[in-house]
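Descriptive analysis of the structure
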Amino acid sequence: MSLLKKLAGETALYGLSSILGRLLTFVFLTPFLTHIFNDDRAQMGIQTDVYAWAAFLMIVFTYRMETAFFRFGSKKEDRATAYKTATSTVVGTTSIFVLLLVALSNPIATQLGYPGHSNYIVWFAFILGFDALVAIPFAMLRLEGKALKFALVKLTNLLIHLGFVFFFLYLLPNYFPQYFDPTMGIGYVFLANLLASGATFLLLLPTYWYKTKTEEGKEATAVFDAALLRRMLIYSMPLVLAGFAGIINEVLDRILLKALLVGDSKDVLEQLGVYGACYKIAIFMNLFTQAFNYAAEPFFFRNADKAYSKLLYANIAFLFTLIGTIGFLGIMLFMDIVQFFVASNYREGLMIVPVLLLANLCLGLYYNLAIWFKLSDQTRYGGMIAVIGASVTILGNILLIPFMMQLGHPGYLGSAWATLFCYATMVVLAYTLGQKHYPIPYPIFRMLGYIVTVVVIYMLYAWTIAPYLVPNSLVSYLVSSTLMLVYLGVIWLVDGTRIKLMLKQVPSE
């Protein structure tokens, strides 16, 4: 099978869990919650805030051991020892972190502004604990190419989560009101998450005794190796720094918005809720990026020693750009339909969507262009790039949130632009440093050309055509479809032959 087709197949399977999973979340959970809390948008603000802090803590809980496992367990003869070493270490540290959070739950809840809800902190301590304990088992499934099992477990987690949310917030108040606590609010979503994470841990618990095999088919001996742990930690520590910086880039805007937005606490939480709800529309780009990254990272490591690896990486980055730009244009041309996934009181924030879609496209490009420092064991450059990106995020939010409010725009529009500036900066740095230390022949100008093309098409549509169309009319759908077909035709005319050659140039496995 062609390697590119294999990667596409694995991306599709990982997409089954991330794309279908996120779609179910977006199609069901976001509309459901925004309608349930349509008159209490502050509840959605609490959700946005708490999950932002949880994202930071997840880096502490896993300290990027899954990536270190990819690096030191990529060869079958080393996999058993690397797996045993990584899982044993994560189990020990996770136990300590969970106990600390539970012991400090009251002061943490008070500091976050949720006194009387220390149960939120306790629940998230165990959510993070369960999620950390399955990080290495999930990495093992990815490294061994078991994308279907990975996808099924992820989907099971999602269905359990969605099922309990529906039970707690719809069935319980309507059919068993005597058991429903209206003061719990968004806490029922957190409780549903806890139950789903616990179920996922139970499903993957047998993998802790998973038997790996050598190239000769013999069962590999799994032992804890302290010397290997030291090498894994040295490798992963710069990635932890990069992980913190990456989470800053991804979620610090929510925390800074809570601090910088003007108004009383309820109004600030409502604006945060609007931002968080509309941010989820950009999930369409993010879920493709995530599905790709699940498949690509172990794929890149498996093929690092091949003579054609650099050509392979360049072709993958180009194809990723094409698919990403198609996704951006499709979402923005059909925003009349997409907007219905959030309740009416939240649609004032739709202005952030095109900016965040481009930001997520840049993030996907960064995943492509940044592979060089992982393959060449120069992870310090990853930490450096991520720290610079985090600095752009922090400075951008501090400057742009009040600036947008001065212009009469919502402050969260500044956060969206700061996110785009951050990921664009990281792309430039990853490409520039990569060409110096690990040159890969990316068709960078063609990739940039397609990104500029879709932005221009969208701007022309939004400024000169859309104002004269009746929303959700047959004419508007025909115009949007025509523009989409025009862009697809441009790709085919300009690079159709190139794409077919790419699929033939790379040898099969």
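Our subject in this report is the structure included herewith.

Looking only at helices and strands, the protein chain features 20 helices and zero strands. Taking all 509 residues of the protein chain together, the buried fraction comes to 55%. At a minimum sequence separation of 6, the contacts of the protein chain that also span at least 24 residues come to 83%. Summing over all exposed atoms, the protein chain offers an accessible surface of approximately 21700 Å²; the carbon and sulfur share of this is 68%.

The tally for this structure, following the rule as stated, stands at 26 aromatic pairs. Consider the rings of Phe 180 and Tyr 188, whose centres lie 5.3 Å apart with planes at 15 degrees: the pair is stacked. Using a relative accessible area of 24% as the deciding quantity, one classes Phe 180 as partly exposed. With relative accessibility at 5%, the residue Tyr 188 sits in the buried group. Through successive ring pairs, a cluster of aromatic residues spans Phe 164, Phe 167, Phe 168, Phe 180 and Tyr 188. In this arrangement the basic side chain of Lys 154 is found over the ring face of Phe 138, its NZ or CZ atom lying 4.4 Å from the centre. If you follow Arg 254 out to its NZ or CZ, it ends over the ring of Tyr 279, 4.1 Å from the centre.

Another point: the pattern of salt bridges. Evaluated as defined, the whole model comprises seven salt bridges. Two residues, Glu 66 and Arg 64, come together in a salt bridge whose shortest N-O distance is 3.7 Å. Accessibility classification places Glu 66 together with Arg 64 in one group, the buried group. In this structure, Glu 144 engages Arg 79 in a salt bridge whose closest nitrogen and oxygen atoms are separated by 3.4 Å. Of this pair, Glu 144 sits in the loop between α7 (135–143) and α8 (147–175) while Arg 79 sits in helix α4 (residues 76–103), and the two are 65 residues apart along the sequence. Of the residues examined, Glu 144 reaches a relative accessible area of 25% and is grouped as partly exposed. Note on Arg 79: relative accessible area 5%, which makes it buried.

The next point concerns the packing of α4 against α7. As a packed pair, α4 and α7 sit with axes 10 Å apart at the nearest point and diverge in direction by 160 degrees. It follows that α4 is roughly antiparallel to α7 by the angle criterion. The interaxial crossing formed by α4 with α7 has right-handed handedness. Touching Arg 79, Tyr 83, Ala 86, Thr 87 and Val 90 of α4 are Ile 136, Pro 137, Met 140 and Leu 143, all from α7. When grouped by side-chain class, the residues that make up the contact of α4 with α7 number seven nonpolar, one polar and one charged.

Take α8 next. Spanning 29 residues, α8 covers 39 Å between terminal C-alpha atoms, matching the ideal 42 Å at 1.5 Å per step. A maximum bend of about 35 degrees is found in α8 at Phe 167. Along α8, the positions that sit buried rather than exposed are Ala 147, Phe 150, Ala 151, Val 153, Leu 155, Leu 158, His 161, Leu 162, Val 165, Phe 168, Leu 169 and Leu 172.

Note that Val 338 resides in helix α14 (residues 335–338). Accessibility expressed as a relative area gives 9% for Val 338, which makes it buried. Residues Val 338 and Ile 281, 57 residues apart in the sequence, show an inter-C-alpha distance of 7.6 Å.

Within the secondary structure, Gln 43 sits in helix α2 (residues 41–62). Not counting chain neighbours up to four residues away, the residues in contact with Gln 43 comprise Phe 37, Gly 185 and Ile 186.

Glancing now at the nonpolar core. Counting 151 residues, the largest nonpolar core has Leu 33 and Met 65 as the members making the most contacts within it. Counting residues per element, this core draws most heavily on helix α10 (residues 226–260), which supplies 15 residues. Contacts of Leu 33, omitting those with residues within four sequence positions, involve Met 44, Gln 47, Val 165, Leu 169 and Val 189. Counting residues in each nonpolar core, the second largest holds nine residues, with Phe 138, Phe 201, Leu 204 and Tyr 208 among its members.

The N-to-C vectors of helix α6 (residues 118–133) and helix α9 (residues 187–204) enclose an angle of 25 degrees; their axes lie 9 Å apart at closest approach. By the angle between their axes, α6 is roughly parallel relative to α9. Relative to α9, the crossing made by α6 is left-handed. Residue-level contacts link Tyr 120, Trp 123, Phe 124, Phe 126, Ile 127, Phe 130, Asp 131 and Leu 133 of α6 to Gly 187, Phe 190, Leu 191, Asn 193, Leu 194, Ser 197, Gly 198 and Phe 201 of α9. In terms of residue class, the contact of α6 with α9 is built from eleven nonpolar, four polar and one charged.

So, about the state of the cysteines. All chains considered together, the criterion is met by zero disulfides. For Cys 422, which is in no disulfide, the shortest distance to another cysteine sulfur is to Cys 362 and amounts to 9.7 Å.

Of note, the phi angle at Tyr 63 is positive, near 35 degrees, even though the residue is not glycine. Residue placement: Tyr 63 occurs in the loop between α2 and α3 (65–72). Here Arg 64, not a glycine, exhibits a phi torsion of approximately 55 degrees, which is positive. Relative to the elements of secondary structure, Arg 64 occurs in the loop between α2 and α3.

A surface patch of nonpolar side chains, about 540 Å² in accessible area, is lined by Phe 166, Tyr 170, Tyr 175, Phe 176 and Tyr 179. Assignment of secondary structure puts Tyr 170 in helix α8.

Rules and cut-offs
Residues numbered from 1 in each chain as written. Predicted model: local features only at pLDDT ≥ 70, side-chain atom pairs only at ≥ 80, totals over all residues. Heavy atoms only, no water. Helix = DSSP H or I, 4+ residues; strand = E, 2+ residues; numbered from the N terminus. Buried < 20%, exposed > 50% of the residue type's maximum accessible area, 1.4 Å probe, protein only. Contact = heavy atoms within 4.5 Å. Areas by Shrake-Rupley, 256 points an atom, 1.4 Å probe, with all protein chains shown as cover. Phe/Tyr/Trp six-rings, centres within 6.5 Å; stacked < 30°, edge-to-face > 60°. Lys NZ or Arg CZ within 6 Å of the ring centre and 35° of its normal. Salt bridge = Lys/Arg side-chain N within 4 Å of Asp/Glu carboxyl O. Axes fitted to C-alpha atoms, helices over the stretch in contact; angles between N-to-C directions. Parallel < 35°, antiparallel > 145°, perpendicular 65-115°, else oblique. Left-handed = near helix turned anticlockwise from the far one by under 90°. Nonpolar A, V, L, I, M, F, W, Y, C, P; charged D, E, K, R; others polar. Expected span 1.5 Å × (residues − 1). Bend = angle between axes of the 7 residues up to and from the residue. Core = buried A, V, L, I, M, F, W, Y, C linked by side-chain atoms within 4.5 Å. Disulfide = S-S within 2.5 Å. Patch = residues over 30% accessible without salt bridge, like charges linked within 9 Å, V, L, I, M, F, W, Y side chains within 5 Å.

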